[in-house]
Each structure stands twice: as structure tokens, then as C-alpha cells.
Amino acid sequence: MSSKIRVGLGDWQFNAGVVGLYNILKHAGENYQISHQYIEFDEKALNDFENKYYDYLIKTYEKTTNYYEIKDKLKTLINLWAEREKNNNLYEKYLQDINTKLDNSPYRKIRKTIPKRQLNIKNINLNVLTKLDKMLKEDKTEILKKECIGYYNQQSGVSNVPKAIVDKYINTNMLNLQKTCGDLKKYMEEDKSNSKIECFICGNKLKKNGKGLNFLLNTYFDAERKKSHIWNLISDIEICPVCELVYCCIPAGFVTVYGKGLFINGNTSVEDLINLNTVVKTEVLKTLDENISSSLTYRALITAINKQDISKTQYKLQDVQIIRYENNRYRFNILSKNVLRVIRNSEKDLEALMNAYYREGKMRFNIYDITIDRLLNNYNMFTLIYKLLMYKLTESDSIDTYYNMSHVMNLNYININYLKGVEGMDKVKENKAIVKDARSYGYHLRKKYLEKDKEADKTKIRGMSYRMLNALKTKNAEMFMHNVITSYMYIGEEIPSKLTMALESEEDLGIIGYAFVTGLNGYIKENDNKDGGESNEN
């Protein structure tokens, strides 16, 4: 009868490894038991563990690989062979993309057989395409395994394969799952009663391991090569084979797509930890076909939050740690109770921002991502709203905007949930009504200006908007109201009394002022969505 191996919870990296271990065992059909604070499985599950490890990664992330793109484009080229002359541009583009991807190391064997010139638009023939398709099918597992592993370049300190999984978290030069499992089996049989060394992570007795945690990227260092980092030049970071195996499973615990990873460290219990991250993974994989790489992990995070039972989540998800991997580093946030409430109450407004973005030069910035990032870092939306309004007013060759004023209003409503939510829903509804009125006042003023001067949008309205935005940015209520008074004097009307509420506090100035400027530069449909998820155009 095989021995049982029990693994409990630990730090965030260890917990990610626990989730990864669970994913691999479940995918392989192995027996395991989950208790409140640990997961337990049979020692026999270690047999052929390396293949189980990579089989899970391949089956989970195949659609994000270059292999999947090559196969998909190759299928299109073969199907359109009879009509290739009509689709010459598509043929040339797809062949160029395939040729570029075949230069990567996982395809070295295929590249030797099919050189670049054979996949050139001038030399291509159906036999070459079918030959490539056959070779890809024959070498599928080997290619996908290499794509999932990637290659971590120690000199540059970054991954050489942006879409790879393992090399984001583990130094692939030091990963040997077969040896790790072999060491673990020996460890289970060893007599450790006289051992004086303890595992740095779990405290179990062990003989000197010597590996430490230097195989984990971006968190630990090589204790053998950098002894000056250690007190008295003697390292006490030694780990047992059980913990080593768990840490090796980190890539299977994070959800990683298009170079970005996400893990929710909801460590109240093993079951909660697994359930939360399973929802995230399910949502990411479900939306892969939409090809929205920038927001996938954030969308999955929000869905995971909103899918939990509200009454339970208010207790369980307080101050949950969220770990994101992006741009070759880890980023940490705390999901507080307040942020959780804002995200849940702003679901419609957040959804409305999904496809809104702007470009600065060649860089694309997704407004949904920026908004979630600000919420996770406990920032209000004022500076973001200011930036979006300024970009709409500014004509610049280096800035392109792909959003409208309704998106800015969505941010205003989210901001109210963030700033006023602690005061109760009645206060939130009251402020949303004020904001909606302020926007209407701004739009009414705009119409009156245009009635007096058809070119006012390019001159007077824009200049007034700049002055108001500068007043709002500097929190100068006097300057803002001075511009409001001057504007209403120009059209010969009385100032709406609700606008004077902007003088009550800096928060009210921002909430009312930005809504007013949004209306001043926007267009309002008669059937505005009362919940804030508007579909106006500007």
C-alpha cells in the first residue's frame, strides 16, 4: 500500500503550487482528498508525474500557443488552395506569419526539412503545405511541451518566449521533475529521526538538500553563487522534496495567458483557494476565443468575485491577496472589503468600459484595465477622468481616442460607488442623480452656446472646458464657479442650484464638476440607462 502525502497551506507562492498540484492531479484522474487546511494524495500519483504535469499545461493552454495559430492558418491555406489567386494577399500574410513562427526553437526539426524559401508565396505548392501539416501532427506533443516550458535567459533576466508558461515562474534550467519525484519517493522511505536540519517551509526533518529556493524566479536568489546576501555566508534555506514539488507546480497554479498571470490567494481554506482560482481559470479559457488579450485576467478576476455567494463572500473575501504576473515581475494588491463592494456594485459600468481604450503613440491603454488597477490600488477616478476629457479636447497626432463621453460617465458612476459607497446605497443613488443632472446642465449649456454660435464647439466651449478642467485638477472651487457663472451670464440664464453643491467639499467639486464638463462636451440620448451603463456616442 502506497504512502499518503499531505500538503497544507503556506505563503502565496506555496499556495499557488498547491492549486497547481490539485489541477495536475485532477486532470490526470488521480485520487486525492481535500480537507479544510490540506490536500492529500497517494505516493503512486508521482509515477510519470512529469508527463502529467506537461499534459495539463498543454491541454489547458494549447489555444494560446504558436502551434495553434500555425495549425489554424495552415488549415485555411489548404482549404483555399483552389482559390489562392483570389486570396493572394491573405496567402502572403499567412505564409509570412507561419515562416516567422517556424524560426522558433520548438520547430527546429521542421525548419530543417522545410526551409523558408519553400513557404514563400512564389514557391509554395500544396505538397509542402500538406507535408508541414503532417509533421506538425506527428510532433505535436513535443512542440507544445517546448512552447509551454519556454526558455528563461539568465543573462537578460527575461523569458525568450512571451507566450510560454513555465519560464515565467521557474528557472527552466533547474527544473527536473523526474529527479524531484525520485527524491521525494526516497525521502518518504528515509529514517529522519536523527536529522537535525529542518525544511525552511514546512519544518519537516530532512537531510541536507542543497537546492534551496533559487529555482524560483523574481523572489529568491542563488545561495551558492551569492553568499554575500546571507548572514555569516551560511544559508539556512533548505527545503524538503515535498515542498520542492509543490513549488514546481506554481506554473499550473497561476492562470497565465499572453504573458500575463493571475492568482488569488484566498487562503481561508484549501477548498476556497481552489474554488476561486478555478472560476478564474474557467472564465479565462472561456473567453480565449474572443481574442481580447489585454483584459482577460482582469475580466476573470471580476467574474470570480461576482460569482461567489454575496453573503459568504463579504466574510470570506475580505483582504484577499491578488498576485499578478506581468512585464517579468510580480504585482501585489489587497482586495479589501470596500473594493470588493465597489466592484460588485459597478458591474454594469465596468462591463461598459470593456472595449474602450486610447493610444499614446504605439502604446494601447485599455480603460477597463486602468480602472480595475486603480480600484485595486485604492485610487479614485478623478485623474483618469481628467486625462480622458483632456484627450478628447486635445487634437494630437500622437493620441488616438476610442471611447466616448458615456464611458467617462461610467467612470463617474464607479467613482461615486468608490467615494460614497461607505455611506450607504441611498447616498450613492442621491449622488448618481446629482451627477446625471450635472451632466444634463452641461449639455443644456452646450446647446445654448451652439444656438448663439455654430462654431462655439471649436472655440468658446473648448476654451471654457480647458479652464474648468484646470480648476478641477487643482481643486479650485472658486475658479470653477467663476467659469460657470460667466457661462450662464453669456446665455442669460440662472445657474441651477444643484451646481452650487460643488462648493461643499473637494469630493463634491470633483463629482459634480467632471460630470458637468462631460455633458458640456457630449451628446445625451433620451433613453439613458438609469443604472449608468449608457450607450451614448460622441
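Residues numbered from 1 in each chain as written. Predicted model: local features only at pLDDT ≥ 70, side-chain atom pairs only at ≥ 80, totals over all residues. Heavy atoms only, no water.

Enquirer: Any details on the packing of aromatic side chains? Residues and values, ideally.
Expert: Within a pair of aromatic rings, the relevant descriptors are the distance that separates the centres and the angle that separates the planes. In total, this model carries 20 aromatic pairs according to the counting rule given. Measuring from ring centre to ring centre gives 5.7 Å for Y325 and Y330, while their planes differ by 75°; the resulting arrangement is edge-to-face. Judged on exposure class, the residue Y325 and its partner Y330 are both buried. Here the aromatic cluster, defined as three or more aromatic residues joined through ring pairs, consists of W12, Y169, F254, F263, Y325, Y330 and F332. The residue whose ring lies beneath R84 is W81, and the NZ or CZ to ring-centre distance is 3.9 Å. (Phe/Tyr/Trp six-rings, centres within 6.5 Å; stacked < 30°, edge-to-face > 60°. Buried < 20%, exposed > 50% of the residue type's maximum accessible area, 1.4 Å probe, protein only. Lys NZ or Arg CZ within 6 Å of the ring centre and 35° of its normal.)

Enquirer: Can you break down the pattern of salt bridges residue by residue, with the values?
Expert: Opposite charge on two side chains allows them to pair when their charged atoms are near. Throughout the structure, instances matching the rule amount to 27 salt bridges. The salt bridge partner of E506 is K475, with a shortest N-O separation of 3.8 Å. Of this pair, E506 sits in helix 22 (residues 506-520) while K475 sits in the loop between helix 20 (460-473) and helix 21 (477-491), and the two are 31 residues apart along the sequence. The class of E506 is exposed, set by a relative accessible area of 51%. By sharing partners, the salt bridges in this structure join R324, E326, R331 and D373 into a single network. (Salt bridge = Lys/Arg side-chain N within 4 Å of Asp/Glu carboxyl O. Helix = DSSP H or I, 4+ residues; strand = E, 2+ residues; numbered from the N terminus.)

Enquirer: Go over the sheet that holds strand 10 (residues 320-326) with me, naming the residues and quoting the values.
Expert: Spatially, four strands are ordered 8-9-10-11 in an open sheet, and the strand pairing comes out antiparallel. Of all the strands in the sheet, just strand 8 (255-257) and strand 11 (329-335) have a single pairing partner and so form its edges. The sheet shows a mean angle of 20° between the axes of neighbouring strands, direction not considered. With five bridges connecting them, strand 9 (residues 260-265) and strand 10 associate as antiparallel partners. Paired with G261 across the strands is Y325, a residue of strand 10. On the sheet, helix 11 (residues 270-286) packs against strand 8 and strand 9 and is oriented at approximately 155° with respect to strand 9. (Pairing = 2+ DSSP bridges. Axes fitted to C-alpha atoms, helices over the stretch in contact; angles between N-to-C directions. Contact = heavy atoms within 4.5 Å.)

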